[in-house]
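So the chains spell out like this:
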Amino acid sequence: MAGVDEAGRGPLAGPVVAAAVILDDLNPVDGLADSKVLSPRRRERLFDEIRARALACCIAEASVEEIDRLNILQATMLAMRRAVEGLRLRPAKVLVDGNRIPTLRIPAEAIVKGDSKVQAISAASILAKVHRDRLCLALHERHPLYGFDVHKGYPTAAHLAALRQHGPCEQHRHSYAPVREAAARQRLPGGA
């Protein structure tokens, strides 16, 4: 059985990331929980442990361009499908966090709050979150004016202020209203 979860639907920038994990019942990972309730340090430690102990795992993305072209829901489903299809072992069933499932050739079930109920979904949630956070740190290196290292792309007051001041970068999601509005302001004479 594979657990699947995503990270990064709400941010204004960067890809949406999904992970699929098949845990090994004979080699359990202690301390699995919804990634949102774990400290960043604990998530990092569990990330390495999951990758070392799982029977199979895969992290996949849908790009900013795909998010803008398809919409965030469809891009999330695409990333999830890529994660499942990228597993080196074919699961008998897929359990997905939330209330929707991607189109798969394997039986699948959506589980609301699955990241706090199913260990494999918890593991997938941790892999997706840590991977996306690392992408945001790299994005911060390229675009330090936005503060991606702090807010991870979410629409915080500081991020919105930076977006208004500097306009969007190439990793901002132009289909999201605050980014679209900031881009439109940049195009006005005088940038006002």
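Shown above is the structure to which this text applies.
Structural notes, computed from the coordinates. It should be emphasised that the depicted structure is a prediction, and the values quoted were computed from it without experimental measurement.

1. Points about the packing of helix α6 (residues 157-166) against helix α7 (residues 177-187)
Here comes step 1: Contact pair α6 / α7: the axes reach a minimum separation of 8 Å and the direction vectors enclose 25°. Taken together, the axes of α6 and α7 are roughly parallel relative to one another. You can see that α6 and α7 cross each other, and the crossing is right-handed. Across the interface between the two elements, L160, L163, R164, Q165 and H166 from α6 touch P178, V179, A182, R185 and Q186 from α7.

2. Looking at the nonpolar core
Here comes step 1: If you look at the biggest cluster of nonpolar residues, it comprises 35 residues, and the most contacted ones within it are V4, V16, V84, L87 and V94.
Here comes step 2: If you list the elements that add at least two residues to this core, you get β1 (2-7), β2 (16-22), β3 (56-62), α3 (72-85), β4 (94-97), α6 and α7.
Here comes step 3: The greatest single-element share of this core, amounting to eight residues, is contributed by α3.
Here comes step 4: Ignoring anything within four residues of it in the chain, the contact list for V84 reads V4, A20, V94, L104 and I106.
Here comes step 5: Residues L38, L46, F47 and A128 belong to the second largest nonpolar core, which totals 17 residues.

What counts, and at which threshold
Residues numbered from 1 in each chain as written. Predicted model: local features only at pLDDT ≥ 70, side-chain atom pairs only at ≥ 80, totals over all residues. Heavy atoms only, no water. Axes fitted to C-alpha atoms, helices over the stretch in contact; angles between N-to-C directions. Helix = DSSP H or I, 4+ residues; strand = E, 2+ residues; numbered from the N terminus. Parallel < 35°, antiparallel > 145°, perpendicular 65-115°, else oblique. Left-handed = near helix turned anticlockwise from the far one by under 90°. Contact = heavy atoms within 4.5 Å. Core = buried A, V, L, I, M, F, W, Y, C linked by side-chain atoms within 4.5 Å. Buried < 20%, exposed > 50% of the residue type's maximum accessible area, 1.4 Å probe, protein only.

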